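Analysis of the macromolecular model
Okay, here's what each chain looks like letter by letter:
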Amino acid sequence: MTLMLNARADQSWGTSQLVEFLAVLSGQSDEAAASRSAVERVLESLDAEIGMLLEPDLTPMVVVGTNRDDKRLCPLIRAALAGESATEIEGLGECRTTTVALGVGVNSQRLLVARLGTEDFLPQELLLLRGMAWVLDLARRQLQVLTALNERQRVLEHLARVQRGIVARVPLPEVFDTVTESALSLVGSELAVLHLLDRDGLAVVSVSGRATEIRPPAWALRMSADVAEEVYQRDELMSTGGMSGIRRADHVGDDGVARIAMGAPVRENGAIVGSLVVVSPGDGHAFAEAQQQALRTFADQVSVALSDAKAQLAAQHAVRDPVTGLPNRVLFLDQLESALGTGRTVHVIFLDLDRFKHVNDTLGHAVGDDLLRKVGRRLRETLRGGEVLARFGGDEYAVLLENSTDANARRCAERLLSALQSPYLVGTDQIVVGGSIGVASGGQGMPASDLLRNADTAMYQAKRSGGARIIAFEERMRAVAAHTGGIESELRWAVENEGLRVVFQPIVGLRDRRLYAAEALARWDHPTRGPVPPTEFIRVAEEAGLITQLGRQVLYTACSQAAAWSEVVEEGPGPSVSVNVSARQLRDPGFLTDVRRVLADTRLDPAQLILEVTESTMVSDLDAVLELMLRLREIGVRLAIDDFGTGYSSLSYLRMFPVEILKIDRSFVEGIAAPWQGSAFVQAIVRLAHALSMTTVAEGVETEDQVNALLDAGCDVGQGYLLARPMASADIVTYAVAPATRGPGLPGSSRFRAAVSELRR
Amino acid sequence: MSDDGKRWVRVGHSATAGERSAAAEAAATALGGPDPKLLVVFAPSGYSPHDIAESINDVVSGVPVIGCSATGHLGSGGRPDVGVVVVGFGGDFDVDVACGTDFNARPREVGAEVAAALYPLPERANHLVLMLTDNLAGDQQEMVRGAYSVLGASVPLIGGVAGYGVIHSPSWLLYQGRVLQDAVVAARLSSDQPIGISVKHGWHVEGEGMIATASVLNQVYTLDDRPALDVFLARHEAPAGIENDPDAFEVFALGRPLAIARRGEIAVRHVQQADPRTRSLICAAAVPKGAAVWLATTDLESTLDATDAACREALDSLGDVPPKALLIFDCAGRRPVLRGGGLHQEWQRMREHAGDLPIAGFYGNGEIARLRGTNGFHNQTFVACALG
C-alpha cells in the first residue's frame, strides 16, 4: 500500500507514537475523555478496528469500533483473554486480538484490541500497546489527582465561607443559608434543606434550590422531610437507595422525573439534633463517595455553628481551669489587661513543669491531673494576696504580679521554684518534678499577649538551658522561639538562629560525569537528637510556618556559595546551584523580591540559579505561579520541575510554564533498567522534554545499569548516590574543577587552594 | 451504464454551456434506469451551486441528491474537468442521506450526528457510507473519528473534501436542493453485493527524518526545534521570498507534502499554506506534536503505479461478483505530479482496469477512506471503490 520507511523511521515509530499519545492524553479534560481518546489513538496506532477499555470484572467501559451492546463483544473478550490471537467475528471475518493490563494485579483495567484480517500483531506493536496502556494509566491517575485537587479546592472555598460566618458570629440563620447553598453547589443537587429539632419535632430552618420558583415544590420538601426523619432516627448518613420506608412512587416528583435524596446528621455537642438533606434528579443510583463526604462535611459545619453558639454563652462563665480550679488563660489575660491599664509595672512569671510529660506517659492521665492539682495548690499557697495564679492547660502556670519590681518578681519566682521542687505524693507514688520559669515585665501600652509571650520566651530559654532555673526576659531573646516545646520549638530556634546547614549534591553529566549543577539541601543536626531526617523537619517547618524563612536562608546560602564557586572556577561560568522552592514560598508575595535581593547581595549571575518547583505546586494556583515564573525568567533565573511524573505531569502546563529543566522522579529511574516499562516511558519523557527544549535530569541514579539505560533513553544528566553524595560547599569546588579525580586531592593552583580554604572556613 | 436488472449505476456528464443546462442534461442521463435511489453531483467550484441545485431539483422529483464542488472531475466519457458529472444509483440499492452543519466548531459531533442519521441499517449484507465535506471546514480527521464512533468497523467509509478549483473559488456542497458550506453531506448505500476499496498514494520519504517539536492540529511550528517554514524552504531550495506570495507558495507546496510515520508506513500531509509571521506550515491534516516527519517525494511513475494498484485491488476484492462501477476520489495535490499528460495517462490506467464500467469521481482537497484500522482521512492519495 505504501512504501516502507527506512530503518530509523521504523525504529522511531513506537517512541514517536508514545510521545504523541502522551501529548494527546494530557490535553484531555477528564478521565472519561482521556479513556475514550486513548482507545481511539491505540486503534489508529495499531491500524486496528475494535478497541475496548475493560473494567476488572470485564465490563466494557469504553468501546470503539462497535456498539457496547454488540453481542459479538463477549466472544471477542473471551478469545482475547484466553490468548487466542486468531478468532472469527461474525460479519467481520477473521481477526487478531490482544489485551494488556493497565496496572498491576487482578484489579486492574485492561485494554483490548482487535484487528481485522490475518496479520498478527508484531512484537514492537505489542510493546507499543503495553507502553500506551502504561501511559494511559498514568494519565488517568494524573487526571484523578487534578480532579481531586479541583474538588478539594472547591470544598475548601465553600468551607471557608461557612467558617468565616461562624467565626464572625453572624446570626445562625445566615450560617444555615450559607451551608445549604454550599451543599447544593457541591453535591450538584437541585434542593438542599436543613432540618433542626424544635419542640414539635424536625422543622425546616433553611432551604436552597436551583429552581426558579421562590418556594420549592411540596413533594420535594416531603421527600426531604422523610429522609431527615430517617437520618434522625438512625443517626447516620442515609440515602433513599438504602431506605426501605420510602416507596418507589415517592421517588418521582410531580414533574414525572425520578429523584434521589441523601441526608447527613447534624449534632449539637455530640447529640443529634437534625439533618442536612439534598435532593437530586436520578433513579436508583447511589450518591458518589465524594458527594457523601461533601454532605457530611457541611452537616458538620452546622454542628460546629450550633455548638459554637452554645459554647459562646457558656464561655462567658467558663474562665476557670476545670482540673485545678485556677483561673484559665482567658481570665488571666483579662486580668493582665486590666493591670497593664493601670499604668503600673506588671510582672508575669511563666512556669512550665519539667518532666511532666514523663509522668503522664508512665503513670497515666489520672495521676497527671492529680499532680497538676497538687502543684496548683502548692503554688497558690506560696503566693501572697493580690498575686494571681492561673493554669494555661498542659503543664503551664502563670502568675501575675501587679505594681512589683524586678527584684520582687525574682524572689517570687524563686519561692515558686523552691516550693515546686519538693516531692509530691500522688496515690502511692512519690513524684519529683522541677520547673522552668521565665519572668517578664511590662507597663501601660503593652498588649497583654506580648507580655505573656515574652515570659513564655524566657521560660523556653530556661528550659533549653536544662530546666530548673529562672530566666528573666531580655529583648535579644525575641529571636528565640519558645512556643510549644518539642521539635517545632527547637526547629524554630534553629531556623531563627541559622542553626541549619546547607549541603550540595552534584548533578552531573552521565557521560562525562562533569558537574552540571549542585542541588542545595538543608540539614539539621540537632544538639541532642543528632541529624534529623529532612523529610521530618521540612514537614514540621511547613506546619509551623517556618518554611518560608528556612527557604530564604537556604536560598541565600546557596547563592552565596555558588558565587564563591564562580570565583574559583577559572574558565566559563561557575557551577549552577539548584534550590527547592516550597508551595508556601511561591505564594509569598515577597518571594520575587527576596530572590532579587539575594542575587544582588551575593552577586550571583541569575543564570546560575535554578529554582525547583514541584508539579503539584504549579497546578495549585496556576495563574499566580505562572506569573511568578515568568517574572523569575525575566530576571534570568532558570526553572526546573522537580519530581516529574509524581504529580499531574501535564504536558499542556509544561508548554505553558517557562521551565528549562525537567527532573524525572526517582521512581521512574528505579525501573528504567527493567525490560520495557521504565525505558519506554523515560524515553518518551526525554523526547518530549527535548521537543520542548528542556534538559532532563534523572533523580535517584544508583546503578551503572541505570546510567546506561538513561543514556540510551537520551537522558544525559543525573543525580544520585552513584554519581555523588551530598557534600560541603568546598567539596563542590573540588568536584567542579577536577571531575575525573573524585578524590580528596585538590587541584594545584594556589588561587584554587586559597578559595577552597576560604569556603571551608 | 451498468444494469443487471437489480442494481444499476449510470454516469451522466454534460459540458453544455451554462451550468443549468449541463446539470439538467447530466442528471437526465444519470436517472435513465428504473427506480432511481440517489444522485451524486460533481462540478467545478466556479459553477453556481444554486443554479445546479435548482436545475437538478427540477428533473429529479423525490430522488435524494448530494454533491460537491471539485478541482477537476471524472466521468465515463473521459476526464472532463469541465461541465457537470452526475452519478445515478438505482434498483436494488438501499439508500439514505444525511447532512450536518457547523462542522468547523464541532467536527467530531457533526461526524457522529451524520453517521447516526443513516441508521438503522437495513438487513443487507454490505453497507457503504459516502461522505463529502467542505474544504472550508476544519478538522477532517476528527470528523472521521466521530463518524467511526457510530459506524464502527462494519461499515466502510469513503468520500472526499470538496475542491476549490484550479482558480480558487469557495467550495460548496449540495444536499437535497440546498447549497451548504461548513458542512458534511453523506449517503448510505446498502446492498447484498460486495464492495471493494483500495487506498494508495505512491509517495516516499526523502532525506533525514525530523520531529515535529511544536505543532497544534494542522499547524506545524517547528521541526527539530527550527521554524518549520524555514526548514521546508531550505530543504526544498525554494525561491527566496516565496512564502510571502500565498498563491506562489501554494503551487510550490502542492507537489511537496510532508510524510508522517504510521505503523512502519507513511501518511501524507499536504502543505496548504505558509505563515510567514510565525514561520510555520499549515497542513491539510493534523501533524501531531512529537510525530516523526519527513519531506515526501514522488514521480509520475510512482503516482501512476499507485493508481494502477488501487484500481486493481478494488476490483479484485469483489472476487467473482461482476463490478457495477468504479468510484474514484483523487487528490488535487497529485495533479502537479501528473501535469504534462499525466492526467490523461492516469485516466487511461483507470479505464484499462474498468473496461466498459462506468467511472465517476473527482479531484478534491483530501480523501476519506476508512477500510481497515480507523485512520480514515488522507492527503495526496488515490481512493478507488468498486461496487459489486
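Scroll up for the structure.
Residues take numbers from 1 onward in each chain, read along the sequence in its written order. As a convention, the first chain written is A and the first ligand written is 1, with the rest following in written order. It should be noted that, the model being predicted, local features are given only for residues of pLDDT at least 70 and side-chain atom pairs only at 80 or more, the latter also being counted only at that level, while totals for whole chains, interfaces and linings use all residues. Each side-chain value is derived from all of the structure's non-hydrogen atoms; neither hydrogens nor water enter the calculation.

**Some words on unusual backbone geometry**
The residue after Tyr-119 of chain B, namely Pro-120 of chain B, is reached through a cis peptide bond having omega 0°. A run of H or I in DSSP becomes a helix once it reaches four residues, and a run of E becomes a strand once it reaches two; helices and strands are each numbered from the N terminus. Residue placement: Pro-120 of chain B occurs in the loop between α3 (107-117) and β8 (126-133). For Asn-403 of chain A, which is not glycine, the phi torsion reads 55° and is therefore positive. Mapped onto the elements, Asn-403 of chain A comes out in the loop between β13 (396-402) and α11 (406-421). Located in the positive-phi region is Arg-603 of chain A, a residue other than glycine, with phi close to 60°. Tracing the backbone shows Arg-603 of chain A in the loop between α17 (591-602) and β22 (609-614).

**Remarks on the sheet that holds strand β11 (residues 346-354) of chain A**
Residues and elements named next belong to chain A. Overall, mixed pairing links the five strands, which are arranged β12-β13-β11-β16-β17 in an open sheet. A strand with exactly one partner marks an edge of an open sheet, and here the two such strands are β12 (388-393) and β17 (470-472). Shown here is a sheet whose adjacent strand axes are inclined to one another by a mean of 20°, direction ignored. Bridge analysis of β11 against strand β16 (residues 434-442) gives nine bridges, and the strand direction is antiparallel. Counterpart to Val-346 in the pairing with β16 is Gly-442. It only takes one pair of heavy atoms within 4.5 Å for two residues to be counted as in contact. To define axes, lines are fitted to C-alpha atoms, for helices over the stretch in contact only, and angles between the resulting N-to-C directions are given on a 0 to 180 degree scale. Contacts from α11 reach β11, β13, β16 and β17 within the one sheet, and its direction differs from that of β16 by about 165°. In this scheme, strands are said to pair when DSSP sees at least two bridges between them.

**Comments concerning the sheet that holds strand β12 (residues 183-191) of chain B**
Residues and elements named next belong to chain B. With mixed pairing, six strands are arranged side by side in an open sheet as β7-β12-β8-β9-β24-β25. Whereas interior strands pair on both sides, the edge strands pair on one side only; in this sheet they are β7 (94-101) and β25 (377-378). Both β7 and β12 contribute to a ladder of eight bridges, which runs antiparallel. Among the inter-strand pairings, Val-95 is bridged to a residue of β12, identified as Leu-189. Against the sheet, helix α4 (residues 140-151) makes contact with β8, β9 (157-161), β12, β24 (367-370) and β25, and its axis sits at roughly 155° relative to β8, the strand it touches most.

**Re the nonpolar core**
Leu-609 and Leu-611 of chain A are the most contacted members of the largest nonpolar core, which has 128 residues in total. The greatest single-element share of this core, amounting to 10 residues, is contributed by helix α15 (residues 547-568) of chain A. Those residues in contact with Leu-611 of chain A that sit more than four places away from it in its chain are Leu-555, Val-579, Val-581, Phe-591, Val-595, Leu-632, Val-637, Arg-638, Leu-639 and Ala-640 of chain A. Core analysis: the second largest hydrophobic core is formed by 37 residues, Val-95, Leu-132, Ala-162 and Ala-325 of chain B among them. The definition of a nonpolar core used throughout is a set of buried Ala, Val, Leu, Ile, Met, Phe, Trp, Tyr and Cys residues joined through side-chain atoms within 4.5 Å. Residue burial is assigned from relative accessible area. The probe radius is 1.4 Å, only protein chains are included, and a residue is buried under 20% of its type maximum, exposed over 50%, and partly exposed in between.

**Notes on the pattern of salt bridges**
Within this document, salt bridges are pairs made up of a side-chain nitrogen of Lys or Arg and a carboxyl oxygen of Asp or Glu, the two lying within 4 Å of each other. Inspection of the entire model under this criterion finds 45 salt bridges over all chains. Between Asp-588 of chain A and Arg-552 of chain A there is a salt bridge whose closest N-O contact spans 3.8 Å. Of this pair, Asp-588 of chain A sits in the loop between α16 (583-587) and α17 while Arg-552 of chain A is found in helix α15, placing the two residues 36 residues apart along the sequence. The class of Arg-552 of chain A is partly exposed, set by a relative accessible area of 34%. Here Arg-633 of chain A makes a salt bridge to Glu-660 of chain A, at a shortest N to O gap of 2.9 Å. Of this pair, Arg-633 of chain A sits in helix α19 (residues 622-634) while Glu-660 of chain A sits in the loop between α20 (651-656) and β24 (661-664), and the two are 27 residues apart along the sequence. Exposure remark for Glu-660 of chain A: the relative accessible area of 23% places this residue in the partly exposed category. Overlapping salt bridges, with partners in common, bring together Arg-36, Glu-40 and Glu-44 of chain A together with Arg-108, Glu-142 and Arg-145 of chain B in one network.

**As for the packing of helix α7 (residues 300-316) of chain B against helix α8 (residues 342-354) of chain B**
Residues and elements named next belong to chain B. Two elements in contact, α7 and α8, have axes whose closest approach is 9 Å; the angle formed by their N-to-C orientations is 20°. As far as their axial angle goes, α8 and α7 are roughly parallel. Classified by chirality, the crossing of α8 by α7 is right-handed. Residues Leu-300, Glu-301, Leu-304, Asp-305, Thr-307, Asp-308, Cys-311, Arg-312 and Leu-315 of α7 form the contact with α8, whose participating residues are Gly-342, Gln-345, Glu-346, Arg-349, Met-350, His-353 and Ala-354. For this classification, Asp, Glu, Lys and Arg are treated as charged, while Ala, Val, Leu, Ile, Met, Phe, Trp, Tyr, Cys and Pro are nonpolar and the rest, including Gly, are polar. The residue inventory of the contact of α7 with α8, partitioned by class, reads six nonpolar, four polar and six charged. Under this scheme an angle from 65 to 115 degrees is roughly perpendicular, one under 35 degrees roughly parallel, and one over 145 degrees roughly antiparallel; angles in between are oblique. Crossing handedness is read from the near helix: turned anticlockwise from the far helix by less than a right angle, it gives a left-handed crossing, and turned clockwise, a right-handed one.

**Digging into the packing of aromatic side chains**
Residue and element names in this part refer to chain A. Aromatic rings from Phe, Tyr and Trp, taking only the six-membered ring of Trp, are treated as a pair when their centres fall within 6.5 Å; an angle between ring planes under 30 degrees marks them as stacked, one over 60 as edge-to-face, and anything in between as tilted. Under the criterion given, the structure shown has nine aromatic pairs over all chains. The interplanar angle of 75° and the centroid separation of 5.4 Å between the aromatic rings of Phe-332 and Phe-392 together place this pair among those described as edge-to-face. Of this pair, Phe-332 sits in helix α8 (residues 329-340) while Phe-392 is found in strand β12, placing the two residues 60 residues apart along the sequence. Judged by its relative accessible area of 11%, Phe-392 is buried.

**Regarding the packing of helix α10 (residues 365-382) of chain A against α11 of chain A**
All names here are of chain A. Where α10 contacts α11, the axes come no closer than 9 Å and their chain directions differ by 140°. Judged by the sense of rotation from one axis to the other, the crossing of α10 with α11 is right-handed. Between α10 and α11, the contacting residues are Val-375, Arg-378, Leu-379 and Thr-382 on the first element and Arg-415, Leu-416, Ala-419 and Leu-420 on the second.

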